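Descriptive analysis of the structure
So you can see what is in the structure, the chains are spelled out below.
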Amino acid sequence: MADSNQPADSKRPDLEESTNVAETHASLIEGGVAQAREKRIKETGMEPVSLWVILASAIVLLVGGSVIGAGGKLLAYSPHPQGYIRADFPTGGNDGPTSGPIYDALFKRGQKLFAKCSGCHGSTGEGNAGFPPLAGSEWVQGNTERFAMIVLNGLKDPITVKGNTYNGSMPSQAPLTATELAALMTFVRNNFGNAMGDIVTPEQAAAALEIQKSRPAGQQITADELNATHDQMLEGDPIDPTTVVDFETLEPVEDPPGVK
Amino acid sequence: MPTDDIAFQKDSELRAKIDRSLRHPVMFFFASGATWLALSLLLGFISSAKAHSPTFLDGCGFLSYGRVYAAHLNLLVYGWGCQAAFGLVIWLMARLSRKECSAVGIILTAGHVWNFGVLVGFLGIIAGYGTGKPWMEFPVAVWPMLLLSYLFITVWSFVQFRCSEGGKIYVAQWYLVAALFWFPWIFLTAHLFVFVFNGHPVMAAAVNAWFKYALIFLFFTPVALGTAYYLVPKVTGRPIYSYALALFGFWALAVIGPWAGMQRLAGAPLPQFMPYLGAAATILILIPALAVGVNIIMTIRGHEDAVSASPSLRFALGGIVSFLTLGVLGLVLNTPGTLKLTQFSLTGYGYEILAIYGFFSMCAFGGIYFIVPRITRREWLSRRFISWHFWLTVYGVGTVVVCSIMGGLFQGQAQEAYGSAWMDAATRSYAYNIGTTIAWSFILFGSIFFLLHLLLMWARLGRRSQHPTLLKVDDHHEASPHGPEGDLDELQSAEA
């Protein structure tokens, strides 16, 4: 080993005595002062492994084993046992706000429902060849009963929108719930540059569903009929768009908490 | 003249020859490593300051938190840690194998390539081309360059080990040879799985998490332990307390080390044995830590004077105490109750800093304070510089670790409270972040003393003396601890 007590060059032990001691001493002072004062590394000690080390290692091993034990089914992907990952939110729901202005609630729902309409009317409501635009349309921004009847019954025969005449056939979008109809109409009336600033309430939408029932089932409506009998606002009290409601029920919240 | 004396002188001559053959590459690695270290600590200070004062140095993109923090850790690992390890490994292996180094030119060239790679990687991160994978942030082109230069730097040490004549293999050599083999395995595997193979991204994240711990436990740990197992018997002149304990500690590390790391991804969609084995293995690291700690401390016992006098021994002991602390923290932080608090908080950072700086770097500093006087043939200039370096490092690292781990646990608890705002979690760790910033400035000061001292030694401006620079003032030489008789020029002129 590096610093065993054997001569440095064991193959030529008889040359040891011939070493020029003075020369070696001089070269040490020149170049190896630090090396000359080094101690040798002695043979490694043979103390036995202490019982305390074994005992402590056993305890550590137990703790490690308990962690693997806590892992449950080790080849499974899920579910992870509690403890290593965060607990679910105590109420079980997600942690977003649960209440806010009714305008936001309806607008977001309407946005999702509009996916179905965007196939013909375009994702920005610009319309298409043969399909009238919703952006800036007088039929959308006009009286709400007339708009609701188009959505619920569908439309046939020519209709003039923004000065252009379209002669297509729109199928009925029913069945819609009152909330869905209210959300869809609120969205369309306040998007694509339309800015009516009001909402269609679920109560008003329910009134529209009642009116639709009085018409012959499955028959598309025409522009003439719309203007003749439905050119009016839907019945029902308007609601301030900023009223804070529960997002689930759309019922007004009495004591609105701050946004969590 | 007795045969023993002559053998001893021949030993000294051989040592001097080995040291002389290695002086350029070893000094190059230590000096460039210390330079990167100072830069890394400065970046650590900046990133820590940004954590509590986001407006600090804002407005320039290259100093944004994500880049500075990544550059800080990557420079700490590749700029300082790996280079210090290279210097230690090639010197220790040459000494322990009793072989002069014959490939100095190649090692130096490869060392320059390594530094060029680190420079390119650093500029890449700062310019916004980092990969975003922790500890692998250098742009992808850099890692093959690093791996290649690693092979050319260290292959000679392995050759020396194989060619050494007779004798049994010393404890320090086990660790050094193991580290030489483990580094390319870890480095290549991790980079292939993360950057080359088109595997599942979650799996790549798991390999990335494993890489960090494997680099700590299978590269930095064995190099640091090899250094400590060399320094302690060498400086105290005592044999290592127990061969059996050393053997136990080595194999425990070799068996346990490769499993640690993936607990970072507990809760991710991975087969559950990955994170759970990772957590268990990190707990079990306490076993080799105990074995090594007991062994080293029992070897030193009774030589408290040597510890207070010798910088090498003092730093090495500090490193070993940090290793024991690392083992205990591994146990505490990976039990089911605490692991969930560490996943998205500062805690992991504190643990990594303790491993890289408190443990590895302290042992490396010990080795550097031992090696540099031998290869430059000059003694360290200033007892005070070493002393300041030691205490600033000890208090600095202690504060960073305590602040990061405590702050991280509080942060984790605040994150668990889903109902409250995220700001609460940041507020809870605010004071601890400030503590970390102050501590980094301490460490930075200490490291600047170290860097200046080392550069002066590199310029061969050290003392020419027979007496080593010790930290304790001898009563008889109150004015000058080294005494006038230690001056080599005077001694030689007196002889003439």
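Quick note: structure is the one above.
Read on for a plain summary of the structure. Worth saying up front: this structure is predicted, and the values here are computed from it rather than measured.

Here we come to the side chain of Gln263(B). Residues and elements named next belong to chain B. Position of Gln263 relative to the elements: it lies in the loop between helix H8 (243-256) and helix H9 (273-284). Within the local environment of Gln263, its side chain forms a polar contact with the side chain of Asn334, the two groups lying 3.2 Å apart. If we skip the residues at most four places from it in the chain, Gln263 touches Tyr213, Pro275, Gly278, Ala279, Thr282, Asn334, Leu339 and Gln343.

The subject of this paragraph is the nonpolar core. With 169 residues, the main nonpolar core has Tyr78(B), Trp114(B) and Phe219(B) as its most contacted residues. When near neighbours in sequence (up to four residues on either side) are disregarded, Tyr78(B) contacts Gln83(B), Trp114(B), Val118(B), Trp135(B), Phe138(B), Leu146(B), Phe187(B), His191(B), Phe211(B) and Leu215(B). Counting residues in each nonpolar core, the second largest holds 34 residues, with Phe107(A), Leu134(A), Val140(A) and Ala205(A) among its members.

Residue and element names in this part refer to chain B. Together, Ile106, Leu148, Leu151 and Phe152 make up an exposed nonpolar region whose accessible area comes to about 360 Å². Here the nonpolar patch gets three residues from one element, more than from any other, and that element is helix H5 (residues 142-163). The residue Leu151 is located in helix H5 in this model. Judged by relative accessible area, Leu151 falls into the partly exposed class, the value being 40%.

Quick look at the packing of helix H7 (residues 144-153) of chain A against helix H9 (residues 202-213) of chain A now. All names here are of chain A. At a closest axis distance of 10 Å, the pairing of H7 and H9 adopts a crossing angle of 60°. In terms of orientation, H7 and H9 fall into the oblique class. As H7 runs across H9, the sense of the crossing is right-handed. Between H7 and H9, the residues in contact are Glu145, Ala148, Met149, Leu152 and Asn153 and Ala208, Leu209, Ile211 and Gln212, respectively. Broken down by class, the residue content of the contact of H7 with H9 amounts to six nonpolar, two polar and one charged.

Residue and element names in this part refer to chain B. Taking 1.5 Å of rise per residue, 30 residues should cover 44 Å, and helix H14 (residues 347-376) covers 41 Å from first to last C-alpha, within 8% of that figure. At Ser361, H14 is bent by approximately 35°, the largest bend along its length. Of all 30 residues that make up H14, 29 are buried, and the element is covered over most of its length. Backbone geometry just downstream of H14 places Arg377 in the positive-phi region, at approximately 60°.

Further remarks concern the side chain of His230(A). Relative to the assigned elements, His230(A) resides in the loop between helix H10 (223-229) and strand E4 (244-246). Not counting chain neighbours up to four residues away, the residues in contact with His230(A) comprise Glu145(A), Arg146(A), Met149(A), Ile211(A), Arg215(A), Ile221(A) and Glu225(A).

Centre distance and the angle of the planes are the two values used to describe a pair of aromatic rings. Residues and elements named next belong to chain B. Tallied over the entire structure, the rule returns 50 aromatic pairs over all chains. Considering the side-chain rings of Tyr150 and Phe183, the 4.5 Å spacing of their centres and the 35° angle between planes classify their relative orientation as tilted. You can see Tyr150 sitting in helix H5 and its partner Phe183 sitting in helix H6 (residues 171-196), a full 33 residues away along the chain. Each member of the pair, Tyr150 together with Phe183, is buried. An angle of 20° between the planes, with centres 5.7 Å apart, marks the rings of Tyr175 and Tyr229 as stacked. Here the residue Tyr175 occupies a position in helix H6, and Tyr229 occupies one in helix H7 (residues 201-236), the gap between them amounting to 54 residues. Like Tyr175, the residue Tyr229 is buried in the burial classification.

Rules and cut-offs
- Residues numbered from 1 in each chain as written.
- Chains lettered and ligands numbered in written order.
- Predicted model: local features only at pLDDT ≥ 70, side-chain atom pairs only at ≥ 80, totals over all residues.
- Heavy atoms only, no water.
- Helix = DSSP H or I, 4+ residues; strand = E, 2+ residues; numbered from the N terminus.
- Polar contact = N/O pair within 3.5 Å; in protein donor to acceptor, adjacent residues only side chain to side chain.
- Contact = heavy atoms within 4.5 Å.
- Core = buried A, V, L, I, M, F, W, Y, C linked by side-chain atoms within 4.5 Å.
- Buried < 20%, exposed > 50% of the residue type's maximum accessible area, 1.4 Å probe, protein only.
- Patch = residues over 30% accessible without salt bridge, like charges linked within 9 Å, V, L, I, M, F, W, Y side chains within 5 Å.
- Areas by Shrake-Rupley, 256 points an atom, 1.4 Å probe, with all protein chains shown as cover.
- Salt bridge = Lys/Arg side-chain N within 4 Å of Asp/Glu carboxyl O.
- Axes fitted to C-alpha atoms, helices over the stretch in contact; angles between N-to-C directions.
- Parallel < 35°, antiparallel > 145°, perpendicular 65-115°, else oblique.
- Left-handed = near helix turned anticlockwise from the far one by under 90°.
- Nonpolar A, V, L, I, M, F, W, Y, C, P; charged D, E, K, R; others polar.
- Expected span 1.5 Å × (residues − 1).
- Bend = angle between axes of the 7 residues up to and from the residue.
- Phe/Tyr/Trp six-rings, centres within 6.5 Å; stacked < 30°, edge-to-face > 60°.

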